[in-house]
Structures are given as C-alpha cells and as structure tokens.
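Observations on the three-dimensional arrangement
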Amino acid sequence: MVTLLEKPKHIRGGLHLDVNKAQSLQQPLRAAGVPEHLFIPLSQHIGEAAELLVEIGDEVLKGQSIARSPGYISAPVHASSSGKIVAIGDYPVPHPPGMQAPCVVIETDGRDQSADTGLRMDDVLDADPAEIRQRVRAAGIVGLGGAGFPTSVKLNTGTTRAVDLLVINAAECEPYISCDEALMCGRSKEIVEGVRIIRRALNARQVVIGVEDNMPKAVESLQLSLDEAGEDTIRVTPVPTIYPAGGEKQLIYALAGEEVPSQGLPIDLGIVCHNVGTAAAVARALLQGEPLISRVVTVTGEGVRQPANLEVRIGTPVAELIRECGGYTDKVARLLMGGPMMGFSLSSDAVPAIKTTNCILAASYRETPKTGAAGPCIRCSDCVDVCPAGLLPQQLYWYAHARDFDRIQDYNLFDCIECGCCAQVCPSHIPLVQYYRFAKTEIWSQESERQFSDMARQRHEFRIERLEREKKALEERRAKARKALKPKVGDATAKQAEITAALERVKAKKAGQSVVPRNTSNLTEEQRAKIAAADRRRSSTGGQT
Ligand code: SF4
Ligand code: SF4
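Residues numbered from 1 in each chain as written. Chains lettered and ligands numbered in written order. Predicted model: local features only at pLDDT ≥ 70, side-chain atom pairs only at ≥ 80, totals over all residues. Heavy atoms only, no water.

**Some remarks on the nonpolar core**
Within the largest apolar cluster, 54 residues are counted, with the highest numbers of intra-cluster contacts made by Ile-132, Met-184, Ile-209 and Val-211. Setting aside chain neighbours within four positions, we find Ile-209 in contact with Ile-168, Ala-170, Val-195, Leu-222, Ile-234, Arg-235, Val-236 and Thr-237. Among the nonpolar cores identified, the runner-up in size contains 19 residues, and Val-167, Val-208, Val-239 and Ile-271 belong to it. (Core = buried A, V, L, I, M, F, W, Y, C linked by side-chain atoms within 4.5 Å. Buried < 20%, exposed > 50% of the residue type's maximum accessible area, 1.4 Å probe, protein only. Contact = heavy atoms within 4.5 Å.)

Here you go:
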C-alpha cells in the first residue's frame, strides 16, 4: 500500500534553472479571440487518428464532433467554434520535423453557437465510473501535460487492484511555461471539481495535488477552493522546485517515495497520475457539457511584446496568438512549441495550437537552446550526476552513435524521459537527447517491421492451411458423390432383367407376328383364306413385309 510522505523528497539529479515564468504571469488568464479560420488536425493525441464525420460545405456548431475515434487508444475531435467546413486536407501541424497532416478547416461565423453535446451529467460524483469514462472519452479529453494520452484509457486501470493514490501533477517545472499556474490561480474551483470526478472514476483511496513550492499563489488558491467545497480528503503538497520535478515518475517519488520500476507504469504500484489541466477539462466536459475545444497556452519569450496566458481554441494558428500578445519584437530568433528544455522548433507560425500545446516560446537568441559543433565525449560524467532517471547518458550516447540498438536497451533507454538535463550540462555540447530520440525511433520502427513481417508470415501460413483444408474438403465431397452414383447390386440385376426382356421382345417381333395366335372364328371363309395366304408369303420371305 502506498503512503504519502509527510515531507516530500528531493528527486534524483535534476537542474536548478531560471524559471522565467513571471513575464507571462503579469496579466491574468484571458480568452483569446476566435480566429477567422480554425485548422483542426485529426491526430492530436497518442493513438489512432480520428476518422472524419464531416464534408466540405457542412455547417458545424461549437462542440460538435467532426471526427470520431476509431479505436480504444484514440480521441474524437470537435469543432472549436461554429461555422462552415471550407477545406479538408494536409496542412502544417506542430510536429518536430515540420510535417503536414490531415486537418479540417472551419471558417468561423462569429456566432460561436454551441451544439448540445449530451456530455453533462447530473450527480456526477455518484455516477457509475464506466459512465464517467465513456463521457470523458466522448469529450475527446487527452493528457494536457504534453503527452496527449487519451484520458479515458488512463481512467480505466484495467486491473482489479484498487488505486491507492491519485496524483494530480501540477508541478509545472519547465522554464517559461506557466499555463498550469495561471489555471490554478484563475480556475482552481474547476480543478477541484475535476479532481473529485477523476477520484470517483478511479475509486482512489488517497488524492494529492503536487505543486512546485515556487507557486505559493497557486497552492493558496487550490486550498481555498478545497475549503469552500468542504473537501478535506484532497491534499495540496508543495514539492521542491527543481527541473524535472514534474516528470510523472519523479513527482511520484517526491510525494510517495516510491520508484516506478524500470519500463513499468505507476499503476504497477497502485498509483495513477493526471495533469491538473486535464482535471479542469474533465470538469468542463461533465459539468458544463463542453468537450475539449480549448486549452490554456503560455505565449512568452523575448520575441513577443506582451507575454500572457490565453485560453485558446484548438486549431488557432500560432500567428494569431502572437498577434493577440502584441506581435513579435525585433529580438525574435526562433519559435518553439513547448519550453526550452523539451520543446521543439516550429518551421512556421501557420501551425495551429492543438490539445497538447502548452507553450509558444518566441525565443530571442539569448533564450534559444544552445547548439553548436559537438566535441567528443570526455567521460566527465556530468550527465550522470544530473540524470533524474538514474541512467548512464554517456553509455546511451555511445550505443546510439554506434547504432547498437540491442546494447542501448540494456542501459534502459526507454526509461529516459528526454528531459535534456544531460545535454544541458555536457561540456562537449553533444545533442544527447537527439541521439536518444533517434535510437528510440529506430527501435520502434524495427519492432513494427518485425511485427509486420510476423503478421505477414502468419497470414501466409493461415492461407496455406486454409487451402489444404479446402482441398481436403473438396476431395471428401467428390468421393461422397461418386459413392452415391455407384449402382447397388440389386439395382444392377433389375436393370439387366429389364434389358434382357426388351431384347426378347425385339427378337420376337423380328421372328414374325405369326407366332401371335389369332382368333379367326368369326371371320368369313374368304378372309381366313387371305390371312393364310399372307402367312405363307411372310414365312417364305423370312418374316419381311
Ligand atoms: S557530459 Fe558529455 S562529455 Fe561528459 S560524460 Fe556525458 S556525454 Fe561525455
Ligand atoms: S534526457 Fe534522458 S538520459 Fe538525459 S538526463 Fe534526461 S532522462 Fe537522463
């Protein structure tokens, strides 16, 4: 059984970084305007892309489902405002290589008219957990901490084991990103409601909201809302500020002193972790009937005039958000989605904000993550000291560089959370995380190729088996038919008797009708004489007439 610590622990490794959150927290959280066009990607989550439900020319309402989830690990997509579908096709999406992907383009009508989504639930805190999960799924809610894993799946632990501890992750540890802090300060009531619903869905025994201790206002706001709700079974616990305290495994360690096993999941320990923004989204869906059509995004950096936190409609182009924040400054050097540690560069500001977009960083040259010519590894082990996952980053680098994908897994590559601490301290400026991502991608691709060829081989074997089965069945059917046609012994004798009788009749006919006795008693003498003459003639010609 997991027990919450009275005093949170320090995580292993990590870095003390300049947080740079004050810039975006100077203004209160506000709603961004609805743009003229929304570009809504069909895939904004981990799992299968959603399948289209609309066509070009369709009129849609805010909150209406425009794409459905085709599988268990997937999420539907909804119209973020009312308007008309004017295009469906490939458009730039926020993805590290700057790729394009299928999007639905809505020309908004300015009315922002809502659909009846049917998501709202009365007495949700007494509701059946399965019904809660079903509505969370229908609302298209995914983890808003950045991973984008479908929340309904995480609400279904798939085990009979009780959930000992629900951890609400509010330890927003990456520099510059302050969307969760803004949400906690501005909408703590919504968060508390969402946490209670999640607790109901999981039937969790204990609940804790973990907040970094450099966010006293957020802690105060949450505590106030808990008190107002008369909720004394949910704890708000400040954890030591250090990057990456907001990593799932790291936060669990800080709060409960438990280590999630290598390649394991928190549920293996009876723990489930949800992001604080996700909790607010769950409350909005089930209490107000609004699916996930917006989220809070931090727009910040020296490259934007008025950094702020905005409630943004999903599908709003980044360029619109920058405009909302006063436009670019002349210091802008690079546009990132996410923070400086784990974010990725955007090739253009035409890409839309999606469900997992927590921050747009318009970085100046000074704020840009350092890149440069990498030197050789000097085995200084600085990377080992800061690794929060207890890995050997230099060994991982070595095997990734050598493309030795078997050995690298022996060093627990998949426990790497890609926090970037190792690369940050590396004196040789080796882009270590890029090597790890490359190795992971290669392993996944080899694995899926292996699975694909296994499936192909299995399909081939099944086909051969089926053909042999069919051939055997055909032969059996034919043999049965032959057997049915073969005449029985009694039948053959009867047939032969019939043939013999027919031949006898023909033979008799040929032998002449004279053999047939005639009744001539009532004929005249003259008639009888004529018949006798004819008989004599027939017998002299061998019966031919
Ligand atoms: S910090 Fe860089 S140079 Fe030092 S051991 Fe790690 S990879 Fe090598
Ligand atoms: S990126 Fe991976 S290897 Fe590097 S410090 Fe973070 S967890 Fe460790």
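**Quick look at the site of ligand 1**
Surrounding ligand 1, one finds Cys-377, Ile-378, Arg-379, Cys-380, Ser-381, Cys-383, Gln-394, Cys-426, Pro-427 and Ser-428. Residue classes in the shell around ligand 1 are distributed as 6 nonpolar, 3 polar and 1 charged. (Near = heavy atom within 4 Å. Nonpolar A, V, L, I, M, F, W, Y, C, P; charged D, E, K, R; others polar.)

**Here we look at the sheet that holds strand β2 (residues 37–41)**
In space, the 4 strands of this open sheet follow the order β2-β8-β7-β4, with antiparallel pairing throughout. Looking at which strands have only one partner, the edges of the open sheet turn out to be β2 and β4 (59–60). (Pairing = 2+ DSSP bridges. Helix = DSSP H or I, 4+ residues; strand = E, 2+ residues; numbered from the N terminus.)

**Description of the environment of Leu-335**
One can find Leu-335 in strand β15 (residues 332–337). Judged by its relative accessible area of 10%, Leu-335 is buried. Residues contacting Leu-335, with those up to four places away along its chain left out, are Val-318, Ile-322, Tyr-328, Phe-344, Ser-345, Leu-346, Ser-348, Asp-349, Ile-360, Leu-361 and Ala-362.

**Re the site of ligand 2**
Around ligand 2, a shell composed of Cys-387, Pro-388, Pro-393, Cys-416, Ile-417, Glu-418, Cys-419, Gly-420, Cys-421, Cys-422, Val-433 and Tyr-436 is seen. Elements represented by at least two residues in the shell around ligand 2 include exactly α13 (421–425) and α14 (432–485). Among the residues making up the shell around ligand 2, the classes are represented as 10 nonpolar, 1 polar and 1 charged.

**Describing helix α7 (residues 248–256)**
Among the residues of α7, Gln-250, Leu-251, Ile-252, Ala-254, Leu-255 and Ala-256 are the ones counted as buried. In the core, the buried residues of α7 are packed alongside β9 (165–170), β10 (206–212), β11 (234–239) and β12 (271–275). A positive backbone phi angle near 70° is found at Gly-257, which sits one or two residues after α7.

**With respect to the sheet that holds strand β1 (residues 30–31)**
Read across the sheet, 6 strands follow the order β1-β14-β13-β17-β15-β16 without closing on themselves; strand pairing throughout is mixed. Here the strands that pair on one side only, and so sit at the sheet edges, are β1 and β16 (344–345). Relative to strand β17 (residues 359–364), β15 runs antiparallel, the two sharing 5 bridges. Among the inter-strand pairings, Val-332 is bridged to a residue of β17, identified as Ser-364.

**A word on a nonpolar patch on the surface**
On the surface, a cluster of nonpolar side chains totalling about 270 Å² of accessible area is made up of Ile-46, Tyr-72 and Ile-73. Its place among the elements puts Ile-46 in the loop between β2 and β3 (51–52). (Patch = residues over 30% accessible without salt bridge, like charges linked within 9 Å, V, L, I, M, F, W, Y side chains within 5 Å. Areas by Shrake-Rupley, 256 points an atom, 1.4 Å probe, with all protein chains shown as cover. Salt bridge = Lys/Arg side-chain N within 4 Å of Asp/Glu carboxyl O.)

**Points about helix α11 (residues 393–401)**
With 7 of 9 residues buried, α11 lies mostly within the body of the structure. Those residues of α11 not exposed but buried are Pro-393, Gln-394, Gln-395, Leu-396, Tyr-397, Tyr-399 and Ala-400. Lining the buried residues of α11 we find α10 (382–386), α12 (407–410), α13 and α14. Remark: Arg-403 follows α11 within two positions and exhibits a positive phi of approximately 55°.

**Here we look at the pairing of strand β8 (residues 100–108)**
Both β2 and β8 contribute to a ladder of 5 bridges, which runs antiparallel. Its bridge partner being in β8, Phe-39 is matched across the sheet by Val-105. Here strand β7 (residues 83–92) runs beside β8; their pairing, made up of 9 bridges, is antiparallel. Bridging across to β8, Gly-89 finds its partner in Cys-103.

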